[in-house]
Amino acid sequence: MLRIPVQENDPQPDELIGLAQRLFPICRSITGNGFRQSLSILQEHLPGLRIHEVASGTKVFDWTVPDEWNIRDAYVLDPLGQKVIDFKQHNLHLVGYSEPISKKLSLQELQQHLHSLPDKPDAIPYVTSYYKRAWGFCLTQRQRDSLIDGEYTVFIDADLAPGSLTYGDLVIPGAVKDEVFFSTYLCHPSMANNELSGPIVTTFLAKWLLGLPHRHFTYRIAIVPETIGALVYLNQNLRTLRKRVKAGYVVTCVGDTGEFSLIPSRTGATLADRVSQHVLNQFAPDYVRYSFLQRASDERQYCSPLVDLPMNSIMRSKYHEYAEYHTSLDNLDFITDASMRESVAMYQQCVLALEGNCITRASTIGEPQLGKRGLYPTTGGQVQQSDVSDIVDLLALSDGQSDLLDIATRMGRPISELVRIAELLRQHQLLTIKTIK
Amino acid sequence: MLRIPVQENDPQPDELIGLAQRLFPICRSITGNGFRQSLSILQEHLPGLRIHEVASGTKVFDWTVPDEWNIRDAYVLDPLGQKVIDFKQHNLHLVGYSEPISKKLSLQELQQHLHSLPDKPDAIPYVTSYYKRAWGFCLTQRQRDSLIDGEYTVFIDADLAPGSLTYGDLVIPGAVKDEVFFSTYLCHPSMANNELSGPIVTTFLAKWLLGLPHRHFTYRIAIVPETIGALVYLNQNLRTLRKRVKAGYVVTCVGDTGEFSLIPSRTGATLADRVSQHVLNQFAPDYVRYSFLQRASDERQYCSPLVDLPMNSIMRSKYHEYAEYHTSLDNLDFITDASMRESVAMYQQCVLALEGNCITRASTIGEPQLGKRGLYPTTGGQVQQSDVSDIVDLLALSDGQSDLLDIATRMGRPISELVRIAELLRQHQLLTIKTIK
Amino acid sequence: MLRIPVQENDPQPDELIGLAQRLFPICRSITGNGFRQSLSILQEHLPGLRIHEVASGTKVFDWTVPDEWNIRDAYVLDPLGQKVIDFKQHNLHLVGYSEPISKKLSLQELQQHLHSLPDKPDAIPYVTSYYKRAWGFCLTQRQRDSLIDGEYTVFIDADLAPGSLTYGDLVIPGAVKDEVFFSTYLCHPSMANNELSGPIVTTFLAKWLLGLPHRHFTYRIAIVPETIGALVYLNQNLRTLRKRVKAGYVVTCVGDTGEFSLIPSRTGATLADRVSQHVLNQFAPDYVRYSFLQRASDERQYCSPLVDLPMNSIMRSKYHEYAEYHTSLDNLDFITDASMRESVAMYQQCVLALEGNCITRASTIGEPQLGKRGLYPTTGGQVQQSDVSDIVDLLALSDGQSDLLDIATRMGRPISELVRIAELLRQHQLLTIKTIK
């Protein structure tokens, strides 16, 4: 367990895993009722969450919103009439966006439509075919190996037809219109770390943000389907996002017990990058720093050159980097309530860093006399000064140019601690604090 | 022994330790006759040293010059009437700035006023109480453990009353008004490395500066009480210092045999920083580089944000970093004449680097023909070129933009050597030299 | 053997070593018929090579073109009349630019004119005396040790008289007048790595350049005597070179089997430096990076401050850094055809990097939909994306500011690969390509 300070308004024990248990069985995709149903469960926690529907066929930059997919049932009967693959047993058994079908075919023909993982014989892989009409089933290698010769029946009862794509967002106002943006995606069927952890952690982070007595920044939460949803969101909010977002995060893979990790922005030098590095160095100094080139989620859209939002992704075990990724093994046993709470706490620290950042400027020429203000032990000599080192170091570095994030990083101290010291010194008129424009 | 070149005018053998022996017994503090007496001994070496008195009560930025403290005698009698603590045996026995007292009290009451170091049982600690009226005695842990129960008598015969704070300074003119500033402090009672070494080394450095046939810079020497004296000095010279000081040093802890060490300025990028790093890399490449945050002497004032002088501190064993620090163990056995001479030599190299720095520009297109000028072996082939490598490398890097300090650092050669080569090349009209404004 | 892609038009097997075998026996110097004869052999490969003659006595910046030296015969007869040193056996036996002489003298007198290497007893050293009239002989230490006492006869049949210095150059036009400059030197007598490899590799590089269907840059080839020839070349072309050369290389020591190595430019930050580092990192990641201060060939002239061309030197075993350097041991056994071909290939990669460099800018907001263009596997999920990672990463980094060299370096991919990808994406209208001015 990391030692990230717990904030007021934090989730109750097992509240996060409880929400995961409720959402897990639902078959979500990038469109359809599974996504809607999941979003409305999150809305119970975030009543202000606005639900948007965008019609199939809508042009979205280089893309088009696809038809809506709704699945009712799907199975494969073997030559003996037994259901050897059954969507109702695990929704990963069906290739996402499979078109409806009802057909008899040989095992050989069927094999063309099957997906399994020889090197993970007990895992059902996660496969989709959003933009090319197709159908298919996924199964464990062991299941596949036991299929007998003969005539099979495949049955997929699905609608794949014009409808709409659904997403939710929430804007939590602050003192300024400048925004901090959290985006997460809810389009994966029954998998836990990637991806129920992202929307769950984001939901509880948003609840905490709503409960803050004061917010400097406006906070924007988007819960979208991955890729096409992020593009839709950009398409509908591009000017605002470009103009106002000062820092943002793609929240994903935040539920397992792996080490924290970071995807920086393209330049690696935005405010989000500085905040992420500061907070991770303070609270998870062994974090894994990936390259921007290892990105593979919605920062692909948000950080693309013509969009260029200052976004990072703070994760636990990153997609593509753990064996259970995109298989049925990424299940509820793979995530924990405690890990998701830690992830909430880590993002809270990012928020506190953003909220607390400012420009400080010492007010006295030379050091102030701390003793006469009760800020210093008055008997010098052997006395340890560790208790006042934050005060004197903060004053020494408060040159009116470095921001508090720089100073805290240089001092190796959490900015949240220095915010408290800065306020104390401001009250004693020993420094002035300027908000960063 | 380091191989720092010895300069003309260098101190005679044992001259520095001799001065230390004379100054050591005097009980100095931030005000009072001990400081005055010590300053007047230094004046014997530096007749031009100006003595300044600043009245108690004078406002100095956020501070006020305290009352003057003069101590005549102080002791503690045990229940048997024996002097168990005696200021006359060691002036560290008395807490600096103790108010006068004559009183009987129990051992238990006395303990509230005693200071000792359980982990250094034979050391008397150095304790002061400048800005809060108090009294106290310091003793070794062994002494303290042997105190018997009963009624004690404490006696402190001191004046703590309006008077003045004393400091000395000396401005040694050069060709330009731009200044190099050396500040040291003389306010510690009987301790050797911290702090008699600073004023002693500074005094002999100043003597050498006075003897230089030519000085480009004006040199300013200040010998002050620590903290309040530096603030007084800033208060009385702020505009001049801010405008003219191009590089400066707080000279302290330069007497022991420890490795050289460096406190950089806040930015770490001033001329002083470049000079310090160059000189230390050349003559003490294993030097310890501290962070600016480990500063704890008068650079706290000189480098504070609204003052912002380009100052460093080149030390041997840094305050807080050696076991004997601020105790009776920091005595004359802890420092050596040779170490102080090396420290003088190191600061001389800093002066030579500052004096010799310039912008050089090659005069020929392509390399010059050194052979026809007697600057090159005329038979090529296997001939080693090490003897002319300084010449050709200096010419190759003399682009009219880099300064000689940059070039020397890049070449890994002492700038003082390259000054000589540059002058040789200038005489042969192979490069031009421009003073740095 | 390195895995540097072979280009069309590459030399035939043994073509390079064959040329070396032909050139090796000729006694070249910085002037004279040996240089002319060698140049005319290279002209067989490069008919466009222009031959220039510059009269002795011509002023060249700080230098003067020396008299022309032509040698017919030279030997030493021992007291028994035996030819103990014979120029016709190895032209290194004679000190380059020896004046004519015919004289009898004692062994003791002769010793003043002999050069040998005690630590390399089987090597004849390479010695010259271009700018001071002298004569001398070089021999192995074993030969020297066996000389007997008595009267010796020395005979040097040479002309050292006004004539001219010869060099060749070739300008291969491209789409723009901006130039890439390759300079090499041909003035060494019978030595192989330093220096026949440079002119040979340069000649075959030039042949390949001439065969390129399109050239963006104009390419300039200079084959000069070292130092004085480079100065002459600068003297005659200074304005053009300064104005047009965007990157250049001194081609030397490119024939042995040692690791590749690099001499950067003075700043280490020119286009040539960026190209060299990119190409070497891709194709010879263990290359030796020397400091500019270890330069010792014609970059001494080309990179001198008032000339300041952006030139590097990519070598194999660098002069001064291998035992055989400047001795008779640097012979045809020390170089290989394969090594010289690799060196041609490495410089070809530099050319391809220079030709391919450009500014790319993504055209779509967000990522484009690759699938509908046949650029992406349409079935997502477990599918490996390695085959499209170049495409998505190049698009993600194509911000219209970084050049392709930066992007390729960041991606750790050869720029020549990315040129192909960029062109593919341009054809799909997914990015625009801007030539670098």
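Residues numbered from 1 in each chain as written. Chains lettered and ligands numbered in written order. Predicted model: local features only at pLDDT ≥ 70, side-chain atom pairs only at ≥ 80, totals over all residues.

S.K.: Got a sec to walk through the overall build of chain A? Specific residues and values, please.
M.R.: Counting its regular elements, chain A contains 12 helices and 19 strands. Structurally, chain A occupies a C-alpha span of about 90 × 45 × 35 Å along its principal axes. Residues counted as buried form 52% of the 437 residues belonging to chain A. For chain A, the share of sequence-separated contacts (at least 6 apart) that also reach a separation of at least 24 residues comes to 80%. (Helix = DSSP H or I, 4+ residues; strand = E, 2+ residues; numbered from the N terminus. Buried ≥ 20, exposed ≤ 12 C-beta atoms within 10 Å, placed from the backbone. Contact = placed C-beta atoms within 7 Å.)

S.K.: Summarise the relation of the copies chain C and chain A; cite the residues concerned and give the values.
M.R.: When chain C is brought onto chain A, the operation consists of a screw motion whose angular component is 120° and whose axial shift is 0.0 Å, with 0.0 Å RMSD remaining. The two molecules are tied by a three-fold rotation axis, judged by turn and shift. Closest to the rotation axis within chain C is the C-alpha of A269 of chain C, separated from it by 13 Å. (Least-squares fit on C-alpha atoms with pLDDT ≥ 70 in both.)

S.K.: Before we move on, could you go through helix α6 (residues 228-244) of chain C and cite the residues and values that matter?
M.R.: Residue and element names in this part refer to chain C. Counted at 1.5 Å a residue, the expected span for α6 with its 17 residues is 24 Å, and the 22 Å between its end C-alpha atoms agrees. At N237, α6 shows its largest bend, some 85°. Of the residues making up α6, those classed as buried are I228, G229, A230, L231, V232, Y233, L234 and L241. (Expected span 1.5 Å × (residues − 1). Bend = angle between axes of the 7 residues up to and from the residue.)

S.K.: Before we move on, can you summarise the interface of chain A and chain B with the specific residues and values?
M.R.: Contact with chain A, which involves 22 residues of that partner, is made by 24 residues of chain B. Within the residue set of the side of chain A that touches chain B, elements represented by two or more residues are β17 (359-362), α10 (386-397) and β18 (399-403) of chain A. Ranked by residue count, the leading element in the side of chain A that touches chain B is α10 of chain A, at 3 residues. Classifying every residue of the side of chain A that touches chain B by side-chain character gives 6 nonpolar, 11 polar and 5 charged. (Nonpolar A, V, L, I, M, F, W, Y, C, P; charged D, E, K, R; others polar.)

S.K.: Could you give me a rundown of the interface of chain C and chain A, with the residues and numbers involved?
M.R.: Contacts between chain C and chain A engage 22 residues on the former and 24 residues on the latter. Looking at the side of chain C that touches chain A, the elements that each hand over two or more residues are β17 (359-362), α10 (389-397) and β18 (399-403) of chain C. Of the residues contributing to the side of chain C that touches chain A, the split by class is 6 nonpolar, 11 polar and 5 charged.

S.K.: Provide a residue-level description of the sheet that holds strand β13 (residues 245-250) of chain B, including the pertinent values.
M.R.: All names here are of chain B. The strand order across the open sheet formed by 8 strands is β1-β10-β12-β11-β13-β16-β14-β15, and the pairing between neighbours is mixed. The sheet terminates laterally at β1 (50-55) and β15 (288-289), the two strands that pair on one side only. By the bridge criterion, 6 bridges tie β1 to strand β10 (residues 164-172) in an arrangement that is antiparallel. Counterpart to R50 in the pairing with β10 is D169. On top of the sheet, helix α2 (residues 33-45) reaches β1, β10 and β12 (218-224); it is set at about 20° to β10, its chief contact. Against the sheet, helix α6 (residues 228-244) engages β1, β10, β11 (179-185), β12 and β13, with an angle of about 30° to β10. (Pairing = 2+ DSSP bridges. Axes fitted to C-alpha atoms, helices over the stretch in contact; angles between N-to-C directions.)

S.K.: Tell me about the pairing of β12 of chain B, and name the residues and values.
M.R.: All names here are of chain B. For β12, a buried count of 6 out of 7 residues is recorded, marking the element as mostly surrounded by other parts of the structure. Pairing geometry for β11 and β12, over 7 bridges, is parallel. Counted as the bridge partner of E179 is T218 from β12. Between the parallel pair β11 and β12, the chain is carried across by helix α5 (residues 197-211), and the sense of this crossover is right-handed. (Right-handed = clockwise from strand over helix to strand, strands pointing away.)

S.K.: Now, about the domain arrangement of chain A: what can you tell me, with residues and values included?
M.R.: Put simply, an interface is often sized by how much accessible area is lost when its parts join up. Residues and elements named next belong to chain A. For chain A, the assigned domains read domain 1 (15-66 + 164-356), domain 2 (68-161) and domain 3 (359-434). A separation of 36 Å is found between the C-alpha centroids of domain 1 and domain 3. On the domain 3 side, the residues contacting the 8 residues of domain 1 number 8 residues. Looking at the side of domain 1 that touches domain 3, the elements that each hand over two or more residues are α7 (271-283) and α9 (337-356). Classifying every residue of the side of domain 1 that touches domain 3 gives 3 nonpolar, 4 polar and 1 charged. (Domains from an automatic or database assignment.)

S.K.: Lay out the environment of T203 of chain B with the relevant residues and their values.
M.R.: All names here are of chain B. As for its position among the elements, T203 is in helix α5. When the C-alpha atoms of T203 and Q43 are compared, they prove to be 8.8 Å apart, with 160 residues separating the residues in sequence. With residues near it in sequence (within four places) discarded, T203 still touches L42, H45 and L46.

S.K.: Break down the packing of helix α9 (residues 337-356) of chain B against helix α12 (residues 415-427) of chain B for me, citing the residues and quoting the values.
M.R.: All names here are of chain B. Direction vectors running N to C along α9 and α12 enclose 35°, while the axes themselves pass 9 Å from each other. Seen from above, α9 lies across α12 with left-handed handedness. Every residue of α12 that contacts α9 at Q349, L352, A353 and G356 is listed here: I415, S416 and V419. Looking at the contact of α9 with α12, its residues break down into 4 nonpolar, 3 polar and no charged. (Left-handed = near helix turned anticlockwise from the far one by under 90°.)

S.K.: So, unusual backbone geometry: which residues are in play, and what are the values?
M.R.: One can expect most non-glycine residues to show negative phi and most peptide bonds to be in trans. All names here are of chain C. One non-glycine residue, Y97, lies in positive phi territory at about 70°. Among the secondary structure elements, Y97 is positioned in the loop between β5 (83-86) and β6 (101-106). The buried category is assigned to Y97, around which 27 C-beta atoms lie within 10 Å.

S.K.: Break down the sheet that holds strand β4 (residues 68-77) of chain B for me, citing the residues and quoting the values.
M.R.: Residues and elements named next belong to chain B. Taken together, the 4 strands give an open sheet; going across it, the order is β5-β4-β9-β6, and neighbouring strands pair in antiparallel fashion. With partners counted over all chains shown, the strands left at the sheet margins are β5 (83-86) and β6 (101-106), one partner each. Neighbour-to-neighbour, the strand axes of this sheet turn through a mean angle of 20°, independent of strand direction. Pairing of β4 with β5, which is carried by 3 bridges, proceeds in the antiparallel orientation. In the strand pairing of β5, Y75 is matched with D86.

S.K.: How would you explain the environment of V307 of chain A if you had to name every residue and give the values?
M.R.: Within the fold, V307 of chain A resides in the loop between α8 (299-302) and β16 (311-315). Excluding residues that lie within four positions of it along the chain, V307 of chain A makes contacts with L234, Q301 and Y302 of chain A together with I365 and G366 of chain C.

S.K.: Outline the confidence of the model for chain A, supporting the account with residue identities and numerical values.
M.R.: Mean pLDDT over chain A stands at 94; residues scoring 70 or higher make up 96%. Of the two predicted TM-score estimates for the complex, the pTM is 0.92 and the ipTM is 0.92. (pLDDT = per-residue confidence, 0-100.)

S.K.: Explain α12 of chain B residue by residue, including any values.
M.R.: Residue and element names in this part refer to chain B. With 13 residues, α12 extends 18 Å from end C-alpha to end C-alpha; this agrees with the ideal 18 Å at 1.5 Å per step. Of the residues making up α12, those classed as buried are I415, L418, V419, I421, A422 and L425. In this structure, the buried side of α12 is in contact with α7 (271-283), α9, β17 (359-362), α10 (389-397), α11 (404-411) and β19 (431-434). Positioned one or two residues after α12, Q429 has a phi angle of 60°, which is positive.

S.K.: Hey, could you go over the environment of E99 of chain A for me, with residue numbers and the actual values?
M.R.: Residue and element names in this part refer to chain A. Within the secondary structure, E99 sits in the loop between β5 (83-86) and β6 (101-106). E99 sits 30 residues away from S129 along the chain, and the two C-alpha atoms are 9.6 Å apart. Each residue touching E99, except ones within four places of it in the same chain, is listed here: R133, A134, W135, A158 and L160.

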